[in-house]
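This is what each chain is made of:
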Amino acid sequence: MLARVAETLYWSARYLERAENLSRLISINNMLMMDLPKGVSSGWRPLIDIVGSVAVYSDTYQDFNDRNVLSFLTIDEENPSSLYMCVKSARNNLRTVREVIPNHVWQLVNSLYHYIQDNRSKCIDKRDMFGFFEYVTNAILTISGALHATLNHDEGYIFMCYGMYLERADMSSRILDVRTASLIHEGDEKPYENLQWISVLRSMSAYQMYRQKMGMRIRAKEVLTFILTNIHFPRSVQFCLSSLSRLGDLLSMDPALKARIGYCQERLQGNVVAELHGEELHAFIDALQIDLSDIHQLLCDQFFIPNTLEIEQKQVQIMQA
Amino acid sequence: MAHSWQSYQAKGFYDELINEDLTARLTGQALVDFLKTLNPTEMDNARHVADLAVKEMGITFTVYGEGSSIDRSWPIDIIPRVIQQKEWQQVEIGLKQRVKALNMFINDIYHDQRIVKDGVFPKSLLEQSVNFRKECVGISPKNNIWAHICGSDLVRDGEGVIRVLEDNLRVPSGVSYMLENRSVMKRVFPELFDNINVLPVNDYPSQLFDMLAAMSPRSGDAPEVVVLTPGMYNSAYFEHCYLAQQMGCELVEGGDLQVGDDDCVYMKTIRGLRRVDVIYRRVDDLFIDPEVFNAKSTLGVAGLMRAWRAGNVSLVNAPGAGVADDKVVYSYVPDMIKYYLAEETLLPNVETFRCNDPEHFDYVIKNIAELVVKPANESGGYGLLIGPHSTKAEQAETIRQIKADPRNFIAQPTLNLSTVPTLTPENEVQGRHVDLRPFILSSGDDTYVTTGGLTRVAMTKGSLVVNSSQGGGSKDTWIIADNQEAAC
């Protein structure tokens, strides 16, 4: 597989995953705000923090009202992380590799792009936005399903999964980071805290699975442990990392990359995470994000920057037993 | 109420579907019978189905100079164009004859130039040819084939005779639209395919791949074939992707390839470098190798010509093949056929006046208002003057250009191009002028002609310009099997 193509697939999957997470995040936050009394709600500001775009945001907007934040996160063309721009980037990337992805998948991505373009006004309309974000989330899940079911599970697919899991781990950790900063105050049982943690879980489609696995009432500690370390929930950071490790083996990844993933996995132990508080926790998640960014870099170094000196003698067999 | 076919205007032109007395031509009888049952709402719905399919399938094209719009939806008219299989078989034979002679001509031009020495083709034309590549002299591509893929534009004149308007031998495009038009039509009028024996077109990608694989310089049954594209900003990018996808080949850009010290071409994969055997290049000659041609080109691969000359890679089409893709050279094709094959031309040319011939020159200047004047080496309808539709000022400007460089212009009588019923934006059925671009694949061992080709249609009433870059549309082209007619 061409190095350029592998890189393009990787990024397309990242963009789609980002869009899906964003779509769910916005939709769930909207629901939460209807439940919370004015004054308790931290409003829309945390979403801007999660996507890490405060600087870009402040260039254009003065305050964090619904309309501004929603436009910024959803359709703003100046914001490279807006939903529209993520889908557009995914589509533009896939356009350059249309020959390797199933036609059907391209059509789904293309339709989604047109849907967002044609329904720009819906995402800021209180009444329409629920349907809008539901459509977007479903469309991306359909794309993931179609990729899983119709694309050869060889290198191209593995690189797409790589992009998806890395982005998902990154998004999950960002959501936790921002939400814990605004929610964890030791010894201070805020009213509505329960409701807010439910919403954190929901924004990762984790609520039901959390209930099944953890059973107990919803508390910060357990939510953190579940999202960071659960080995069965497909959006937990630990799950994403173990997937990266397994997929990396199929690609015969560099030992340095494997070691980095392994190191990161080891740190994510339930009993360790459960003991983290406040600043400690923040520092822990910071370190986790650095790990994720290192894993990305090592992957790029090994596969996307081809070694021009070595001439491949025979095609390496992948997917060995 | 069904569409009013009674007001259809089939007089004054050769209409391919409807006779002057408004009855259907035999080959199109079943189609016309069906269309007549549709009321305007149903017609309009069918058009929407087509538009939606095009949008969903992402069938796009690009018009240069449109800024941000790098992909416009491909325009398809929902009324297909029909051709009888028996007639098409004759066209196929004529095209094969033509392409065979063209390949012999190109090979001769880069070797002994017998045709020049024997006085059949003037040396001066060669010296002034912008597409003659001195860098290709003496090179012998596999099987002496230079134009592996040829897209010839055919038109039907006022008498119904099919003629060749031009041959595209550099990087002809459009074949993907031929294939996609059929996919769209299957969605729009699925019931028609039950009753009419429309010959399939979807064999093309396999035929193309077989031809490309046969060009491999290495023996072995799994040659590495790639499609080289200038990238997503090229007007035919959709097609490059489409063909690579259909053939299961890598779609590469210049940056993905490199030429080693061993003069072999390699592509950069996630596992290092892998040798490439055949490059279906969709990058123009002058941009394929900065070492030899345009030094500033980033679309090509440094050293590609070295590798090709050394016989380590096949380039399809071969660089330099464009020497025969010149509207002046075109006028000599019947002479080539006689010279190389000792045969009479089966598929006639359109009468052509060469502006570098003093007699023709005078005729062209005098009759410019009646003629179509074309630059010898432009494509896509750029730089065209259609005499009867032009202003005095435009004519004067063209005359000035001809005088400055007579070798670069030819003129042809304004053809009474055939028409085919077409749905207008106002939802009426009216005749519009069409042409047809079939594609011919040559490996030296075998020649293949597409079943029909890409029909392009001038969507503006009376217009003769069919190029999509100039507002033209397209139609699915149906070659209808003969046994169908026996059954009717």
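Residues numbered from 1 in each chain as written. Chains lettered and ligands numbered in written order. Predicted model: local features only at pLDDT ≥ 70, side-chain atom pairs only at ≥ 80, totals over all residues. Heavy atoms only, no water.

Caption draft 1: Region of interest: the overall build of chain A. Check the secondary structure of chain A and you find 15 helices and zero strands. The C-alpha extent of chain A, read off along each of the three principal axes, is 65 × 50 × 35 Å. Sorting the 321 residues of chain A into buried and exposed places 56% on the buried side. Considering only intrachain contacts with a sequence separation of at least 6, the fraction spanning at least 24 residues in chain A is 66%. Accessible area of chain A: about 13,800 Å², with a carbon and sulfur share of 51%. Each charge class in chain A can be summarised by its mean position, and for the 31 positive and 38 negative side chains these summaries are 6 Å apart. (Helix = DSSP H or I, 4+ residues; strand = E, 2+ residues; numbered from the N terminus. Buried < 20%, exposed > 50% of the residue type's maximum accessible area, 1.4 Å probe, protein only. Contact = heavy atoms within 4.5 Å. Areas by Shrake-Rupley, 256 points an atom, 1.4 Å probe, with all protein chains shown as cover. Lys, Arg positive; Asp, Glu negative; His and termini not counted. Charge placed at Lys NZ, Arg CZ, Asp CG, Glu CD.)

Caption draft 2: Local environment of the sheet that holds strand β10 (residues 272-275) of chain B. All names here are of chain B. With respect to topology, three strands assemble into an open sheet ordered β8-β9-β10, the strand pairing being antiparallel. Looking at which strands have only one partner, the edges of the open sheet turn out to be β8 (257-259) and β10. On average, adjacent strands in this sheet sit at an angle of 40° to one another, irrespective of strand direction. The pairing of β8 with strand β9 (residues 265-269) spans three bridges and is antiparallel. The residue of β9 that forms the bridge with L257 is M267. (Pairing = 2+ DSSP bridges. Axes fitted to C-alpha atoms, helices over the stretch in contact; angles between N-to-C directions.)

Caption draft 3: Region of the structure containing the domain arrangement of chain A. All names here are of chain A. When the domains of chain A are assigned, the result is domain 1 (14-151) and domain 2 (152-305 + 316-321). With centres defined by C-alpha atoms, the gap from domain 1 to domain 2 works out at 21 Å. Every contact between the two is made by 27 residues of domain 1 and, on the other side, 25 residues of domain 2. Roughly 2,500 Å² is buried in total at the junction of domain 1 and domain 2, and carbon and sulfur atoms are behind 61% of that figure. Across the contact surface, domain 1 and domain 2 share five salt bridges. (Domains from an automatic or database assignment. Buried area = accessible area lost by both parts, 1.4 Å probe. Salt bridge = Lys/Arg side-chain N within 4 Å of Asp/Glu carboxyl O.)

Caption draft 4: View of a nonpolar patch on the surface. Residue and element names in this part refer to chain A. On the surface, M31, M34 and F130 cluster together to form a nonpolar patch covering roughly 300 Å² of accessible area. Its place among the elements puts M31 in helix α1 (residues 3-35). A relative accessible area of 32% means that M31 is categorised as partly exposed. (Patch = residues over 30% accessible without salt bridge, like charges linked within 9 Å, V, L, I, M, F, W, Y side chains within 5 Å.)

Caption draft 5: Molecular detail of the packing of helix α12 (residues 237-250) of chain A against helix α13 (residues 255-267) of chain A. Residues and elements named next belong to chain A. α13 packs onto α12 with a crossing angle of 160° between their chain directions and a minimal axis gap of 10 Å. Considering their axes alone, α12 and α13 lie roughly antiparallel with respect to each other. Crossing handedness for the pair α12 and α13: left-handed. For the pair α12 and α13, the contacting residues are Q238, L241, S242, L244, S245 and D249 in the first and K258, I261, C264 and Q265 in the second. When its residues are assigned to classes, the contact of α12 with α13 shows four nonpolar, four polar and two charged. (Parallel < 35°, antiparallel > 145°, perpendicular 65-115°, else oblique. Left-handed = near helix turned anticlockwise from the far one by under 90°. Nonpolar A, V, L, I, M, F, W, Y, C, P; charged D, E, K, R; others polar.)

Caption draft 6: Representation of the sheet that holds strand β13 (residues 353-354) of chain B. Residue and element names in this part refer to chain B. Pairing within the open sheet is antiparallel, and its four strands lie in the order β13-β16-β14-β15. Only two strands of the sheet have a single neighbouring strand rather than two, namely β13 and β15 (385-386). In this sheet, β15 lies alongside strand β14 (residues 371-375) in antiparallel orientation, the contact comprising two bridges. Within β15, the residue paired with V373 across the bridge is L385.

Caption draft 7: Inspection of the interface of chain B and chain A at higher detail. Listed by partner, the interface residues are 30 residues for chain B and 36 residues for chain A. Buried surface at the junction of chain B and chain A, summed over both partners, amounts to about 2,900 Å²; 47% is from carbon and sulfur atoms. Applying the counting rule to chain B against chain A returns four salt bridges. The partner of R271 of chain B in a salt bridge is E155 of chain A, and the shortest N-O contact between them spans 3.6 Å. Where chain B meets chain A, there are 11 residue pairs in polar contact (both at pLDDT 80 or more). When residues of the side of chain B that touches chain A are traced back to their parent elements, those giving at least two are α2 (40-57), α9 (237-247), β7 (250-252), β9 and β10 of chain B. (Polar contact = N/O pair within 3.5 Å; in protein donor to acceptor, adjacent residues only side chain to side chain.)

Caption draft 8: The arrangement of the packing of aromatic side chains in detail. A full pass over the atoms with the stated rule returns 29 aromatic pairs over all chains. For the pair W11 of chain A and Y15 of chain A, a centre-to-centre distance of 5.9 Å together with 40° between the ring planes defines the contact as tilted. Here W11 of chain A and its partner Y15 of chain A are both found in helix α1, four residues apart, which amounts to about one turn of the helix. Take W11 of chain A: its relative accessible area is 23%, and that puts it in the partly exposed class. Every member of this aromatic cluster is reached through a ring pair, and the members are Y10, W11, Y15, F159, F303 and F304 of chain A. If you follow R25 of chain B out to its NZ or CZ, it ends over the ring of Y14 of chain B, 4.2 Å from the centre. A cation over a ring is seen here: R354 of chain B above Y332 of chain B, with NZ or CZ 3.8 Å from the ring centre. (Phe/Tyr/Trp six-rings, centres within 6.5 Å; stacked < 30°, edge-to-face > 60°. Lys NZ or Arg CZ within 6 Å of the ring centre and 35° of its normal.)

Caption draft 9: Spatial organisation of the environment of A324 of chain B. The residue A324 of chain B is located in the loop between β12 (314-316) and α11 (327-330) in this model. Once residues within four sequence positions are removed from consideration, A324 of chain B is found in contact with L102, F105, I106, L169 and V329 of chain B.

Caption draft 10: View of the nonpolar core. By size, the foremost hydrophobic cluster in this structure holds 180 residues, and its most contacted members are Y162 of chain A together with F105, I106, I279 and M336 of chain B. The biggest single contributor to this core is helix α8 (residues 155-183) of chain A, with 13 residues. Both domains that meet at this core, namely domain 1 (14-151) and domain 2 (152-305 + 316-321) of chain A, each give it at least three residues. Not counting residues up to four positions away in its chain, the partners in contact with F105 of chain B are I115, F121, A324, V329, M336 and Y340 of chain B. (Core = buried A, V, L, I, M, F, W, Y, C linked by side-chain atoms within 4.5 Å.)

Caption draft 11: Looking closely at the confidence of the model for chain A. Averaged over all residues, the pLDDT of chain A equals 86, while 91% of them reach at least 70. Mean pLDDT in chain A bottoms out at helix α14 (residues 270-274) of chain A, which sits at 80, and peaks at helix α7 (residues 129-150) of chain A, which reaches 95. (pLDDT = per-residue confidence, 0-100.)

Caption draft 12: Inspection of the side chain of D326 of chain B at higher detail. All names here are of chain B. Note that D326 resides in the loop between β12 and α11. D326 sits in the buried class, given a relative accessible area of 3%. Excluding its chain neighbours within four sequence positions, the residues that come into contact with D326 are S129, A376, N377 and R407.

Caption draft 13: Summary view of the pattern of salt bridges. All names here are of chain A. One pass over the full model with this rule turns up 42 salt bridges over all chains. One salt bridge connects D49 with R45, and the closest N-O pair in it is separated by 3.3 Å. Within this pair, D49 and its partner R45 are both found in helix α2 (residues 45-50), separated by four residues, close to a single helical turn. Assessed through its relative accessible area of 28%, D49 is described here as partly exposed. Judged by relative accessible area, R45 falls into the partly exposed class, the value being 35%. Residues participating in the shared-partner salt-bridge network are E17, E20, R24, R168 and R235.

Caption draft 14: Representation of the pairing of β9 of chain B. All names here are of chain B. For β9, a buried count of four out of five residues is recorded, marking the element as mostly surrounded by other parts of the structure. Between β8 and β9, which follow one another and run antiparallel, lie five residues, and D263 among them has a positive phi close to 60°. Hairpin geometry of β9 and β10 is characterised by an intervening segment of two residues between the two adjacent antiparallel strands.

Caption draft 15: Representation of the packing of α1 of chain A against helix α4 (residues 66-74) of chain A within the structure. All names here are of chain A. α4 packs onto α1 with a crossing angle of 165° between their chain directions and a minimal axis gap of 11 Å. Taken together, the axis directions place α1 and α4 in an arrangement best described as roughly antiparallel. Crossing hand, α1 versus α4: left-handed. Seen from α1, the contacting residues are L22, I26 and M33; seen from α4, they are D66, L70, L73 and T74. A per-class count over the contact of α1 with α4 returns five nonpolar, one polar and one charged.

Caption draft 16: Molecular detail of unusual backbone geometry. Of note, the amide linkage connecting V316 of chain B to N317 of chain B takes the cis form, showing an omega dihedral of -10°. Within the secondary structure, N317 of chain B is located in the loop between β12 and α11. Of note, S252 of chain A is a non-glycine position whose phi angle comes to about 45°, a positive value. Take S252 of chain A: it is sitting in the loop between α12 and α13. Here S252 of chain A falls in the partly exposed class, since its relative accessible area comes to 39%. You will see that A342 of chain B, though not glycine, has its phi angle at about 55°, which is positive. The topology assignment puts A342 of chain B in the loop between α12 (333-341) and β13. On the accessibility criterion, A342 of chain B (67% relative accessible area) is exposed.

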